[in-house]
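Spelled out, the chains give:
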Amino acid sequence: MKLGIVGLPNVGKSTLFNSLTKAGAESANYPFCTIDPNVGVVAVPDERLKKLGDFYHSKKVTPAVIEFVDIAGLVKGASKGEGLGNQFLANIREVDAIVHVVRCFEDSNIVHVDGSIDPVRDIETINLELIFADLEVLERRIAKTAKSARMDKEAAKELPVLERVKKHLEDGKLAKSMEIEDEDELALVKSLNLLTFKPVIFAANVAEDSLSDDGNSNEFVNKVREYAANYDCEVFVVCAQIEQEIAELDDDEKAMFLEDLGLSESGLDKLIKASYKLLGLISFLTSGEDETRAWTIKVGTKAPQAAGKIHTDFERGFIKAEVVNYQDLLDLGGLAAAKEKGLVGIEGKDYVVKDGDVILFRFNV
């Protein structure tokens, strides 16, 4: 999973990116890898992995990972070359979802680029840049499709849909708010890889005193939630400054620090939950002496396709899956005891994998 972090200058975007990637790297003992200066790979915190790893005395415990991309260059006028201009486009096109950091705190020492705090205005400023960038893509695609449409029935069918998307964007609306008529239209719009069609999670960046009630008494946060509800977006409340402090601590200190603040989870945990929910993702687990590992799949994935996540041969030669719930396995003290209780399912090709399933795949190639 790849998440792109966007936001105007001075909203706490880079602070959040730096602390999330550092915290994630340390908390799960996953080697932090910098693919380039603005990309970090973070382990998905999952307490089930440690418990299973301890139970099986696994030599290796491998978490699922998320790649964060710090998207620079998004300022008013970016699509016309302001700031870093269109340098952000190559990075942001490739992400699965956008994490949009919005400033929801007052601080006279940190100047806002527009001179005042207004999260909805900030969201719309960024959205406008994304709309402009999408219009460029559409104009090129329409010009190309129009040439082919005279001779090609498929292109002739695509052209009015492309024109409709363009008109929708020109009205200042996001592509994802457009009504899609059928599966063919959906496939076409998805193939355009439009920025304004991507799922969005808003990170409402607050001062420390707004954390205890999850930002409920913060008028700016409430405005972001109201806006997000109209576009099926997720919102999580975070204090980038606190995340920066958490990133410096080890696991035990972190737990105490969060407890002192009256919090049950860090910003990274909240973000990962919001991401999984928004993208419809779950994790299944494999476990044994060699390795305990989490695998991320879409909700609704069937057993052979889940097996294919591990290796294409597993999917190609799939015979069956032995499936037990993670908690049942631990409570009963192992696979043999779970089998005796009838809690291990022998599942075929139509089995839909559930979150927390521990699976042993049988295959033959």
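Residues numbered from 1 in each chain as written. Predicted model: local features only at pLDDT ≥ 70, side-chain atom pairs only at ≥ 80, totals over all residues. Heavy atoms only, no water.

## Details of the overall build of the protein chain
Keep this limit in mind: For the purposes of this entry, the term helix denotes a DSSP run of H or I that reaches at least four residues, the term strand denotes a run of E that reaches at least two, and both are numbered from the N terminus. Note on classification: 1.4 Å probe, protein chains only; a residue is buried when its accessible area is under 20% of the maximum for its type, exposed when over 50%, partly exposed between these limits. The Shrake-Rupley method, run with a 1.4 Å probe, gives the accessible areas here. Residue values count only the displayed protein chains as cover.
Counting its regular elements, the protein chain contains 14 helices and twelve strands. Every one of the 365 residues in the protein chain was classed for burial, and the buried ones make up 48%. Just so you have it, the protein chain exposes about 18,200 Å², and 49% of that area is on carbon and sulfur atoms.

## Regarding the pattern of salt bridges
Filter applied, for reference: The term salt bridge refers to a pairing of a side-chain nitrogen on Lys or Arg with a carboxyl oxygen on Asp or Glu at a separation within 4 Å.
Using the criterion set out here, one finds 24 salt bridges in the structure. Arg-48 is the salt-bridge partner of Asp-355, the closest N and O atoms lying 3.2 Å from each other. In this pair, Asp-355 is assigned in the loop between strand S11 (345–347) and strand S12 (357–363) and Arg-48 in helix H2 (residues 47–56), connecting sequence segments 307 residues apart. Given a relative accessible area of 41%, Asp-355 falls into the partly exposed group. Judged by its relative accessible area of 14%, Arg-48 falls in the buried class.

## Quick notes on the packing of aromatic side chains
Our working definition: Here is the rule: rings of Phe, Tyr and Trp (six-membered ring for Trp) pair when centre to centre is within 6.5 Å. Planes less than 30 degrees apart are stacked, more than 60 are edge-to-face, and the remainder are tilted.
For the structure shown, the criterion picks out seven aromatic pairs. Both rings, one in Phe-55 and one in Tyr-56, keep their centres 5.1 Å apart while their planes meet at 90 degrees; by these two values the pair is edge-to-face. Overall, the relative accessible area of 30% leaves Phe-55 in the partly exposed class. In this structure an aromatic cluster arises from ring pairing among Phe-284, Trp-295, Phe-318 and Phe-361.

## A word on the packing of helix H4 (residues 119–149) against helix H7 (residues 219–229)
Quick note on the threshold: Each axis is a line fitted through C-alpha atoms, taken for helices only over the stretch in contact, and angles between the N-to-C directions span 0 to 180 degrees. The cut-offs work like this: below 35 degrees is roughly parallel, past 145 is roughly antiparallel, 65 to 115 is roughly perpendicular, and the gaps in between are oblique. Residue contacts are defined here by distance: any two heavy atoms, one from each residue, within 4.5 Å place the two residues in contact. Each residue is assigned to one class: nonpolar for Ala, Val, Leu, Ile, Met, Phe, Trp, Tyr, Cys and Pro, charged for Asp, Glu, Lys and Arg, and polar for all the others, Gly among them.
Where H4 meets H7, the axes come as close as 8 Å, and the angle between the chain directions of the two elements is 45 degrees. Here H4 is positioned oblique relative to H7, judged by the angle of their axes. In this structure, H4 uses Pro-119, Val-120, Ile-123, Glu-124 and Asn-127 to contact H7, whose residues at the interface are Phe-220, Lys-223, Val-224 and Tyr-227. A per-class count over the contact of H4 with H7 returns six nonpolar, one polar and two charged.

## Description of the side chain of Lys-270
Selection criterion: Whenever a nitrogen or oxygen atom comes within 3.5 Å of another N or O atom, the pair is scored as a polar contact, on the condition that within protein one atom can donate a hydrogen and the other can accept it, and that pairs from neighbouring residues in sequence are kept only if both atoms are in side chains.
Inspection of the secondary structure assignment puts Lys-270 in helix H10 (residues 267–279). Within polar-contact distance, the side chain of Lys-270 engages the backbone oxygen of Val-237 at 2.7 Å. Not counting the four nearest positions on each side in its chain, Lys-270 is found in contact with Asp-214, Phe-236, Val-237 and Glu-265.

## Comments concerning the sheet that holds strand S2 (residues 39–43)
For the record, the criterion: Each pair of strands is called paired provided DSSP finds at least two bridges between the two strands.
Taken in spatial order, the six strands line up as S2-S4-S1-S5-S6-S7 in an open sheet, and their pairing is mixed. For this open sheet the edge positions go to S2 and strand S7 (234–238), each flanked by a neighbour on one side alone. The mean inter-strand angle of the sheet, taken between neighbouring strand axes irrespective of direction, is 25 degrees. Examined bridge by bridge, strand S1 (residues 2–6) and strand S5 (residues 97–103) share four bridges and lie parallel to one another. Each bridged residue has a counterpart across the sheet, and for Gly-4 the counterpart in S5 is Ile-98. Each of S5, strand S6 (200–205) and S7 is contacted by H7, which is oriented at about 165 degrees to S7, the strand it contacts most.

## Here's the deal with the pairing of S2
Of all five residues that make up S2, five are buried, and the element is covered over most of its length. Burial along S2 is two-sided: the residues Val-39, Val-41 and Ala-43 and Gly-40 and Val-42 are all buried. Where S2 meets strand S4 (residues 65–70), five bridges bridge the pair, whose relative direction is antiparallel. Residue pairing across strands places Ala-43 opposite Val-65, the latter belonging to S4.

## Here's the deal with unusual backbone geometry
With the exception of glycine, most residues fall at negative phi, and the peptide bonds are largely trans. In the Ramachandran plot, Asn-193 falls in the positive-phi region, its phi being about 55 degrees despite a non-glycine side chain. Secondary-structure assignment places Asn-193 in the loop between helix H6 (183–191) and S6.

## Regarding the confidence of the model for the protein chain
Low pLDDT marks regions whose predicted coordinates should not be analysed in detail. Put simply, the test is: One confidence number per residue, pLDDT, is output by the predictor and ranges from 0 to 100.
In the predicted model, the protein chain carries a mean pLDDT of 86, and 89% of its residues have values of at least 70. Below a pLDDT of 50 lies the segment residues 23–35, which in the model reaches 26 contacts outside its immediate sequence neighbourhood of four places, other chains included.

## What about the packing of H4 against helix H5 (residues 153–170)?
Rules: Each crossing gets its hand from how the near helix is turned against the far one by less than a right angle, where anticlockwise is left-handed and clockwise is right-handed.
The interhelical angle for the contact between H4 and H5, taken along N-to-C directions, is 155 degrees, at an axis separation of 9 Å. Accordingly, the angle class assigned to the pair H4 and H5 is roughly antiparallel. Taken as a pair, H4 and H5 cross one another with a handedness that is left-handed. Contacts from Ile-131, Asp-134, Leu-135, Leu-138, Glu-139, Arg-141, Ile-142, Thr-145, Ala-146, Ser-148 and Ala-149 in H4 reach Ala-155, Ala-156, Glu-158, Leu-159, Leu-162, Glu-163, Val-165, Lys-166, Leu-169 and Glu-170 in H5. For the contact of H4 with H5, a count of residues per class yields twelve nonpolar, two polar and seven charged.

## Considerations on the nonpolar core
We apply this condition: The definition of a nonpolar core used throughout is a set of buried Ala, Val, Leu, Ile, Met, Phe, Trp, Tyr and Cys residues joined through side-chain atoms within 4.5 Å.
Judged by nonpolar contacts, the single largest core of 71 residues is most densely connected at Phe-68, Ile-92 and Phe-202. Examining the composition of this core, we find that seven residues originate from one element, H10, more than from any other. With sequence-adjacent residues up to four places away left out, Phe-68 is seen in contact with Leu-3, Ile-5, Phe-17, Leu-20, Thr-21, Asn-38, Val-39, Gly-40, Val-42, Leu-268 and Leu-271. Core analysis: the second largest hydrophobic core is formed by 19 residues, Val-137, Ala-149, Leu-162 and Leu-192 among them.

## As for the side chain of Glu-322
Considering the arrangement of structural elements, one finds Glu-322 in strand S10 (residues 318–325). Assessed through its relative accessible area of 8%, Glu-322 is described here as buried. At 3.2 Å, the side chain of Glu-322 forms a polar contact with the side chain of Arg-362.

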